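Structure assessment
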Amino acid sequence: YAYMDLHRDLADLLAVPSFYKDANCKGTNQDDFFPERGSSTVIAKKICSECKVQKECLEYAVERKERFGIWGGKSERERRAIRRERRNNEKKAR
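Residues numbered from 1 in each chain as written. Predicted model: local features only at pLDDT ≥ 70, side-chain atom pairs only at ≥ 80, totals over all residues. Heavy atoms only, no water.

This next bit is on the overall build of the protein. Within the protein one finds four helices and zero strands. Going from N to C terminus, the protein has its helices and strands arranged as α-α-α-α. The buried share of the protein, reckoned over its 94 residues, is 29%. Within the protein, counting contacts between residues at least 6 apart in sequence, those at least 24 apart form 39% of the total. Per element, the accessible surface of the protein, about 7300 Å² overall, is 51% carbon and sulfur. (Helix = DSSP H or I, 4+ residues; strand = E, 2+ residues; numbered from the N terminus. Buried < 20%, exposed > 50% of the residue type's maximum accessible area, 1.4 Å probe, protein only. Contact = heavy atoms within 4.5 Å. Areas by Shrake-Rupley, 256 points an atom, 1.4 Å probe, with all protein chains shown as cover.)

Shown next as structure tokens:
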């Protein structure tokens, strides 16, 4: 096994997105990204806003319909709005 193949296989097995190794949130307090209802998301969104894999992270969460946490700088409610907008755009394109 080459190192990269092993890394990719482990990431798939553990369901760790491949972009995570380059994410700013790696090694930070994950409680900031999974706050209690009504708690602040400012810290997580600030970290995301400066992250080079923000778009990949957001797309990952939108496609998987991730229900919890801040992903790509967006909350679950904001990601639902993105999915809704995409569905509406698809309907208009037909």
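Picking up after the structure, the text goes on.
To continue, consider the nonpolar core. The biggest cluster of nonpolar side chains holds 14 residues, and the ones touching the most others in it are Phe19, Ala23, Cys25, Phe33, Val53, Ile70 and Trp71. Contributions of two or more residues to this core are made by helix 2 (42–49) and helix 3 (54–64). (Core = buried A, V, L, I, M, F, W, Y, C linked by side-chain atoms within 4.5 Å.)

The next thing to look at is the pattern of salt bridges. The final tally for this structure, using the stated rule, is seven salt bridges. Here Glu78 ties to Lys45 by a salt bridge, and the two come within 3.0 Å at their closest N and O atoms. On the criterion of sequence distance, the pair formed by Glu78 in helix 4 (residues 76–93) and Lys45 in helix 2 is long-range, its members being 33 residues apart. Among the residues examined, Glu78 registers a relative accessible area of 30% and is labelled partly exposed. The salt bridge involving Glu66 is made with Arg64; its shortest N-O contact spans 3.9 Å. Judged by its relative accessible area of 17%, Glu66 is buried. The network of salt bridges with common partners includes Glu76, Arg80 and Arg83. (Salt bridge = Lys/Arg side-chain N within 4 Å of Asp/Glu carboxyl O.)

Looking now at the environment of Phe33. Residue placement: Phe33 occurs in the loop between helix 1 (3–14) and helix 2. Along the sequence, Phe33 and Gly73 sit 40 residues apart, while their C-alpha atoms lie 9.3 Å from each other. Look past the residues within four positions of Phe33 in its chain and what remains in contact with it is Cys25, Thr28, Ala44, Ile47, Cys48, Gly69 and Ile70.

Low pLDDT marks regions whose predicted coordinates should not be analysed in detail. Overall, the prediction assigns the protein a mean pLDDT of 89, with 84% of residues at 70 or greater. At the low end of the mean pLDDT range in the protein sits helix 1, at 58; at the high end sits helix 2, at 98. (pLDDT = per-residue confidence, 0-100.)

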